[in-house]
Amino acid sequence: MSDAETADRAAGAAEPPDRKREQRGWYFYDFACSVYSTSVLTVFIGPYLTSVAKAAADAEGFVHPLGVPIRAGSVFAYAVSASVVLAVLVMPLTGAAADRTGRKKPLLAAAAYLGAAATASMFFLDGDRYLLGAFLLIVANASLTVSMALYNAYLPQIAAPEERDAVSSRGWAFGYTSGALVLVLDLVLYTGHESFGLTESEAVRICLASAGLWWGAFTLVPLRRLRDRRAAPGGEGAVGSGWRQLTATLRDMRRHPLTLSFLLAYLVYNDGVQTVISQASVYGSEELGLDQTTLITAVLLVQVLAVAGALGMGRLARVHGAKRTILGSLAVWTLILAAGYFLPAGEPVWFFALAAAIGLVLGGSQALSRSLFSHLVPRGKEAEYFSAYEMSDRGLSWLGPLVFGLAYQLTGSYRDAIISLVIFFALGFVLLARVPVRKAVAAAGNPVPDRI
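Residues numbered from 1 in each chain as written. Predicted model: local features only at pLDDT ≥ 70, side-chain atom pairs only at ≥ 80, totals over all residues. Heavy atoms only, no water.

Considering the overall build of the protein
Here is step 1 of the chain: Check the secondary structure of the protein and you find 18 helices and two strands.
Here is step 2 of the chain: The burial tally for the protein puts 54% of its 452 residues in the buried class.
Here is step 3 of the chain: Nonlocal contacts in the protein, meaning residues at least 24 apart in sequence, comprise 83% of its contacts between residues at least 6 apart.
Here is step 4 of the chain: Accessible surface, the protein: about 18,700 Å² in total, of which carbon and sulfur atoms supply 64%. (Helix = DSSP H or I, 4+ residues; strand = E, 2+ residues; numbered from the N terminus. Buried < 20%, exposed > 50% of the residue type's maximum accessible area, 1.4 Å probe, protein only. Contact = heavy atoms within 4.5 Å. Areas by Shrake-Rupley, 256 points an atom, 1.4 Å probe, with all protein chains shown as cover.)

Now the structure itself:
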């Protein structure tokens, strides 16, 4: 028996037939929850919640929750920020509980169904109920983040080291497939709402609620197929307050400085990725003068091509290693921003070409980052470390939007704002290139794959 197989069995991993079954079940959580990210967060809830808040605003355009004056147009942004704070508080607590008990599945179920219920309840968001909308968004977004940390923590347990790039890439591909499928159905309903006898508001609320129902229904698949493992020796974490556990996690990570170095590199370049995704529609509408239909079609194109991109980059990683493939994707991201700077206004074809390029590198760079990090996590601390990873993915992605906003404020040009994001990919490239990943894997106590 090889060293990798011995370590895999010692960690309580299933034998290959059962492991394949678990992997197939694991893919379906991406399939379940990605619809929320695509249809709800990226397309519908921002503009719709803003319109509901404006309906409740005074003559000056302010709403007054708890007597505090807030511009109606800021409600969505503040709700997203509040959800990040909530997730940062909860993730270390759930991660430590999962590692201490070895029971990730009940915690995953609780987070998933809380988020799905909050999303389905968005059907009742109408009139001037902006506080209800903000509350449901905070709960759904935080629940998604917590559930993803627990979901990602399964990866080292269900996939042998040499499998993880492919397994992680397939998970992302499943997610982008469901996102594209449901977005097509949503667009049919939204654009043809009158023929269905619906108002525009009713169509949007059905799209929002259906994402929650989809999330809840397909979560049944991973919950039936994934299994819990006994807690590994040394994996017991003291479950205290979220902040106290976060401090303990970071203190423990100092004993693995190479893992921490990768996490820093990921934090930087992923901040750039998340900012491009969130600001692309603003750039398209404000700088390029494109209409909403064009922008939504571009989002759909990203979803479709991200499937091929995730699978294709997974294959490249098997030949060249995950680190080199990620570095190549960061170079492509830099070229995308440079091309975006020169895009002509009022030309949808060129914007679609840019969206296609984003789709081809988006899924792969995220999937391979996840699989690479899984090699750097000490055994018995998967959920705890992936909580920190998820905070890097979501909880700390505020610097990119700040740079984008400041660049626009100082120059008055969205073109200058979009090109300012090159710094995140350039710096992330340098930081990742300096991480000796084979040494980092060994330092974490894990078997080193032939290609990484």
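We are not done yet, so read on.
Some thoughts on the pattern of salt bridges
It is possible for side chains of opposite charge to pair when their charged atoms get near one another.
Here is step 1 of the chain: Counted according to the given criterion, the structure contains six salt bridges.
Here is step 2 of the chain: Of the charged contacts, one joins D30 and R370 as a salt bridge, the two residues approaching to 3.6 Å between their closest N and O atoms. Within this pair, whereas D30 is found in helix α2 (residues 16-56), its partner R370 is found in helix α13 (residues 348-375), the two being separated by 340 residues in sequence.
Here is step 3 of the chain: On the accessibility criterion, D30 (2% relative accessible area) is buried.
Here is step 4 of the chain: The partner of R415 in a salt bridge is E287, and the shortest N-O contact between them spans 3.2 Å. Taken together, the residues R415 in helix α16 (residues 414-419) and E287 in helix α10 (residues 257-287) connect sequence positions 128 residues apart.
Here is step 5 of the chain: Relative accessible area serves as the criterion here: at 17%, R415 is assigned to the buried category. (Salt bridge = Lys/Arg side-chain N within 4 Å of Asp/Glu carboxyl O.)

Re the packing of aromatic side chains
Here is step 1 of the chain: Following the criterion strictly, the structure yields 19 aromatic pairs and no others.
Here is step 2 of the chain: Seen from their ring centres, F123 and F124 are 5.6 Å apart, and the 85° between their planes marks the pair as edge-to-face.
Here is step 3 of the chain: A relative accessible area of 33% places F123 in the partly exposed class.
Here is step 4 of the chain: Overall, F124 belongs to the partly exposed group, its relative accessible area being 49%. (Phe/Tyr/Trp six-rings, centres within 6.5 Å; stacked < 30°, edge-to-face > 60°.)

Some details on the packing of helix α12 (residues 322-341) against helix α17 (residues 422-433)
In a packed pair of helices, the relevant descriptors are the angle between the two axes and the axis-to-axis distance.
Here is step 1 of the chain: Remark: α12 packs on α17, axes separated minimally by 9 Å, with the N-to-C direction vectors making an angle of 165°. Here α17 runs roughly antiparallel to α12, going by the angle between their axes. Pair α12 / α17 crosses with left-handed handedness. The residues of α17 that touch α12, namely those facing K323, I326, L327, L330, W333, T334 and L337, are V422, F425, G428, F429, L432 and A433.
Here is step 2 of the chain: In terms of residue class, the contact of α12 with α17 is built from ten nonpolar, two polar and one charged. (Axes fitted to C-alpha atoms, helices over the stretch in contact; angles between N-to-C directions. Parallel < 35°, antiparallel > 145°, perpendicular 65-115°, else oblique. Left-handed = near helix turned anticlockwise from the far one by under 90°. Nonpolar A, V, L, I, M, F, W, Y, C, P; charged D, E, K, R; others polar.)

Let's talk about the nonpolar core
A general feature of soluble globular proteins is that nonpolar side chains tend to end up buried together.
Here is step 1 of the chain: In this structure, W26, Y29, W215, F262 and W333 are the most contacted members of the largest nonpolar core, which totals 130 residues.
Here is step 2 of the chain: In terms of residues, this core owes the most to one element, α2, which gives 16 residues.
Here is step 3 of the chain: Beyond its immediate sequence surroundings of up to four residues, Y29 is in contact with L108, A112, S147, M148, Y151, W215, T219 and P222. (Core = buried A, V, L, I, M, F, W, Y, C linked by side-chain atoms within 4.5 Å.)

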